[in-house]
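Notes for the structure review
The primary structure of each chain is shown beneath.
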Amino acid sequence: MPTHSKPNIYLIGFMGTGKSTIGRQLARQLDYQFVDSDRAIESEAGMPIPEIFEKQGEETFRVMEKAFVETGHPQESCVVSCGGGLIFQPELKERLQDRGIVITLFASPETIFERTRANKNRPLLNVKDPQAEIERLLNERLPVYRDAGIGVLTDGRCVNDIVAHIVRIYRRAVKR
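In this text the structure is predicted, and so the values were computed from the model without any measurement.

**Things to note about unusual backbone geometry**
- For Asp 31, which is not glycine, the phi dihedral falls at a positive 60 degrees.
- Within the secondary structure layout, Asp 31 lies in the loop between α1 (19–30) and β2 (33–36).

Right, dumping it as structure tokens:
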């Protein structure tokens, strides 16, 4: 459990589960800073993530993600939307859990497909059957997502409802 009086909230989960949208609203609600790990890394690198992968490789990007977790954001009073693969790096799940409250956002494969299908900046979905790829990846990642944090389902719920739910979870966790 984090030792800060206002520990960070780390939102993790598959693409399209609402991490950025919910994170921004949650930060406003709590009067915390909002940071998107992918945007912070892009800003630091001076190029978009697909370009980092292309020019410097995935390994370099993963090093940048680890540096972000260690020193790239405030230690408290911050809502962090984590990139989809960040939690799968060795020791980063535990590091996030030490630094704050980890909330895993979940959505059905159908909802994820509907939310992401128009976005062409999703390299993992640039395949013949994106919905099947979502289902495959989600099934592969589910055990880690379930183990990493407190789960919140985003299907069929408005942002305000989800944010209120997370605020209740956070306040209960901080009181312990």
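Right, picking up where we left off after that structure.
**As for the packing of helix α4 (residues 58–71) against helix α5 (residues 92–99)**
- Contact geometry for α4 and α5: axes closest at 10 Å, N-to-C directions at 20 degrees. In terms of their interaxial angle, α4 and α5 are classed as roughly parallel. Note on packing geometry: the crossing formed by α4 with α5 is left-handed. Contacts between α4 and α5 involve Lys 66, Val 69, Glu 70 and Thr 71 from the first element and Leu 92, Arg 95, Leu 96 and Arg 99 from the second.
- Considering only residue class, the contact of α4 with α5 consists of 3 nonpolar, 1 polar and 4 charged.

**Section: the side chain of Asp 36**
- As for its placement among the helices and strands, Asp 36 is situated in strand β2.
- In this structure Asp 36 comes out as buried when scored by relative accessible area, which is 10%.
- Discounting residues that sit within four places of it in the chain, Asp 36 has contacts with Ser 20 and Ser 81.

**What about the side chain of Ser 108?**
- Residue placement: Ser 108 occurs in the loop between β4 (100–106) and α6 (109–116).
- For Ser 108, a relative accessible area of 19% gives the class buried.
- Within the local environment of Ser 108, its side chain forms a polar contact with the side chain of Thr 111, the two groups lying 3.0 Å apart.

**Focus on the nonpolar core**
- If you look at the biggest cluster of nonpolar residues, it comprises 30 residues, and the most contacted ones within it are Ile 12, Phe 14, Cys 82 and Leu 96.
- For this core, the secondary structure elements donating two or more residues are β1 (8–13), α3 (49–56), α4, β3 (78–81), α5, β4, α6 and α7 (130–148).
- Take this core: its biggest share by element is 6 residues, from α7.
- Among all residues touching Phe 14, those that are not within four sequence positions of it are Lys 19, Leu 105, Ile 112, Ile 134, Leu 137, Leu 138, Arg 141 and Tyr 145.
- Of all hydrophobic cores here, the second largest spans 19 residues; its members include Tyr 32, Ile 103, Val 152 and Ile 166.

What counts as what
- Residues numbered from 1 in each chain as written.
- Predicted model: local features only at pLDDT ≥ 70, side-chain atom pairs only at ≥ 80, totals over all residues.
- Heavy atoms only, no water.
- Helix = DSSP H or I, 4+ residues; strand = E, 2+ residues; numbered from the N terminus.
- Axes fitted to C-alpha atoms, helices over the stretch in contact; angles between N-to-C directions.
- Parallel < 35°, antiparallel > 145°, perpendicular 65-115°, else oblique.
- Left-handed = near helix turned anticlockwise from the far one by under 90°.
- Contact = heavy atoms within 4.5 Å.
- Nonpolar A, V, L, I, M, F, W, Y, C, P; charged D, E, K, R; others polar.
- Buried < 20%, exposed > 50% of the residue type's maximum accessible area, 1.4 Å probe, protein only.
- Polar contact = N/O pair within 3.5 Å; in protein donor to acceptor, adjacent residues only side chain to side chain.
- Core = buried A, V, L, I, M, F, W, Y, C linked by side-chain atoms within 4.5 Å.

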